[in-house]
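A closer look at the structure
Listed below, chain by chain, are the residues.
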Amino acid sequence: MGTFMVKLTDGSEMILTAGRATRTDAGDVAFENVDARGNWSRACTVKADRLDSAHV
């Protein structure tokens, strides 16, 4: 698990706890968690045009 600080282009921020952050083919950032069987599922997706930065 990691804690992520996400800064958006409108100046707002959010803190997320997720197993990993990945990029989609469109450039969006998807935060995902894993279940007991090793299956990953998206908890939150931030569109690329709204994302300023993401830090662990």
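Anything mentioned here points back to the structure above.
Residues numbered from 1 in each chain as written. Predicted model: local features only at pLDDT ≥ 70, side-chain atom pairs only at ≥ 80, totals over all residues. Heavy atoms only, no water.

1. Focus: the pairing of strand β3 (residues 20-23)
Note that β3 and strand β4 (residues 29-34) share four bridges and pair antiparallel. Bridging across to β4, alanine 21 finds its partner in phenylalanine 31. Connecting β3 to the antiparallel partner β4 that follows it, the hairpin turn spans five residues, and glycine 27 within it adopts a positive phi of roughly 95°. (Pairing = 2+ DSSP bridges. Helix = DSSP H or I, 4+ residues; strand = E, 2+ residues; numbered from the N terminus.)

2. Topic: the nonpolar core
Grouped together as the largest cluster of nonpolar side chains are nine residues: Phe4, Val6, Leu8, Leu16, Ala18, Val29, Phe31, Val46 and Leu51. Residue assignment for this core shows that the elements contributing at least two residues are β1 (2-8), β2 (13-18) and β4. In terms of residue count, the dominant contributor to this core is β1 (three residues). Not counting residues up to four positions away in its chain, the partners in contact with leucine 51 are Val6, Lys7, Leu8, Thr9, Arg23, Val29 and Val46. (Core = buried A, V, L, I, M, F, W, Y, C linked by side-chain atoms within 4.5 Å. Buried < 20%, exposed > 50% of the residue type's maximum accessible area, 1.4 Å probe, protein only. Contact = heavy atoms within 4.5 Å.)

3. With respect to the sheet that holds β3
Here we have three strands laid out as an open sheet, ordered β3-β4-β5, and antiparallel in their pairing. Two strands lie at the open edges of the sheet, namely β3 and β5 (40-46), each paired on one side alone. On average, adjacent strands in this sheet sit at an angle of 35° to one another, irrespective of strand direction. Two strands pair when backbone bridges link them, and β4 and β5 are joined in this way by six bridges, in the antiparallel orientation. Considered in β5, the bridge of asparagine 33 is made with serine 41. (Axes fitted to C-alpha atoms, helices over the stretch in contact; angles between N-to-C directions.)

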